[in-house]
Amino acid sequence: MGKGRLEAFTDGVIAIIITIMVLEMKVPQGADPAALQSSVPVFLAYVLSYVNVGIFWNNHHHMMNVAQRVDGRVLWANLFLLFWLSLIPFVIRWIGETGITALPTAAYGVVLAMAAIGYALLQSALVACSGQSPALAAAIGSDLKGKLSIIIYAVAIPLAFLSPWIAIALYIAVALIWFVPDRRIETIVKLKA
């Protein structure tokens, strides 16, 4: 089957996720800088989450640009990815209500790790989809960045119980690794053009 409906559905869900994330930010109760202080944890979580959702969307877009077909496995893998991304507003709200504390910070890492696993499953499902161009498999290759991201999340989650700020630094490190869209896929797209 064609990939257009999957892309449109994903774009819509991600737009809703981003909208819900911003709605989770509460207006400060006052007009002075001290009133903003209580909003700092949720604002930082929002910024990191916005960047992460944007990274997943950006790389999803690049990957789907190379894909030619989708099947049932791809649809389910995409839904798995979107499920975990849709939990980001929940953990942002939890962080907003409790501050940068161990369990909400670890839960944030679990959500990001599962989204990364979902993205890896989506890649695998797309490569396995019959009628797919070998260019996608070549572009993905061994996916060192993807595997490294999951490992960093797996290390960061238990570290959140020792120091939530160390875990957040590791979450930021993963975002920095992925900030530039996957060059392997861009290279394949340029070769196709």
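As shown above, the structure is provided for reference.
These remarks concern the structure in this document.

With that settled, the discussion passes to the overall build of the protein chain. From N to C terminus, the protein chain includes 10 helices and zero strands. A compact globule built from 193 residues would reach a C-alpha radius of gyration of about 16 Å, and the protein chain, at 18 Å, matches this within 12%. Taking the principal axes of its C-alpha atoms as reference, the protein chain extends roughly 60 × 30 × 30 Å. Looking at the protein chain as a whole, 45% of its 193 residues are labelled buried.

Turning next to the pattern of salt bridges. Counting across every chain of the model gives two salt bridges. One salt bridge in this structure joins D71 and R73, with 2.9 Å as the shortest N-O distance. As a salt-bridge pair, E97 and R93 come within 3.0 Å of each other at their nearest N and O atoms. A residue pair is termed a helical-turn pair when its members lie 3 or 4 positions apart in one helix, as E97 and R93 do in helix 5 (residues 88-98) at four residues.

Turning to helix 5, its buried residues are I88, P89, V91, I92 and I95. Take helix 5 and look down its axis: the buried residues cluster within an arc of 165°, on one side only. Exposed side of helix 5, more than 90 degrees from the buried face: F90 and E97 are the residues found there. Those residues of helix 5 that are buried are in contact with helix 1 (4-23), helix 3 (40-66), helix 4 (72-86) and helix 6 (102-128).

Right, let's get into the nonpolar core. In this structure, V74, L85, I88, Y108, L126 and Y171 are the most contacted members of the largest nonpolar core, which totals 55 residues. Looking at this core, the elements that each hand over two or more residues are helix 1, helix 3, helix 4, helix 5, helix 6, helix 7 (134-140), helix 8 (144-159) and helix 9 (164-178). Considering each element in turn, this core owes the most residues, 12 residues, to helix 6. Setting aside anything within four residues of it in sequence, one finds L85 in contact with I14, I17, F56 and A115.

Structurally, H60 is set in helix 3. Judged by relative accessible area, which is 4%, H60 ranks as buried. H60 has contacts with L6, T10, N78, L81, Y119 and L122, leaving out every residue within four places of it along the chain.

The relation between two aromatic rings is expressed through the spacing of the ring centres and the mutual angle of the planes. Under the definition given, this model contains eight aromatic pairs. Ring centres 6.2 Å apart and planes at 65° place the aromatic pair F56 and Y119 in the edge-to-face group. With F56 in helix 3 and Y119 in helix 6, the pair connects residues that are 63 residues apart, well separated along the chain. Both residues of the pair, F56 and Y119, belong to the buried class. Through successive ring pairs, a cluster of aromatic residues spans F56, Y119 and W178.

Quick notes on the rules
- Counting starts from 1 at the beginning of each chain's written sequence and moves along it residue by residue.
- Whole-chain, interface and lining totals are the exception, using all residues; otherwise, since this is a predicted model, local features are given only for residues with pLDDT of at least 70 and side-chain atom pairs are given and counted only at 80 or more.
- Side-chain numbers come from the whole structure's heavy atoms, not from hydrogens or water.
- Here a strand is any run of E in DSSP of at least two residues, a helix any run of H or I of at least four, and the numbering for each starts at the N terminus.
- For a compact globule the rule gives 2.2 Å times the number of residues to the power 0.38, and the radius of gyration it is set against comes from C-alpha atoms.
- Burial classification: accessible surface area is computed with a 1.4 Å probe over protein chains only, and a residue below 20% of its type maximum counts as buried, one above 50% as exposed, and the rest as partly exposed.
- We define a salt bridge as a contact between a side-chain nitrogen of Lys or Arg and a carboxyl oxygen of Asp or Glu at a distance within 4 Å.
- To obtain the arc, one takes the directions from the helix axis to the C-beta atoms.
- Contact criterion: two residues are considered in contact whenever any of their non-hydrogen atoms come within 4.5 Å of each other.
- By convention a nonpolar core is built from buried Ala, Val, Leu, Ile, Met, Phe, Trp, Tyr and Cys residues, the set being connected through side-chain atoms within 4.5 Å.
- Each pair of aromatic rings taken from Phe, Tyr and Trp, with Trp reduced to its six-membered ring, is defined by centres within 6.5 Å and is described as stacked if the planes are under 30 degrees apart, edge-to-face if over 60, and tilted in the remaining cases.

By themselves these figures say nothing about function.
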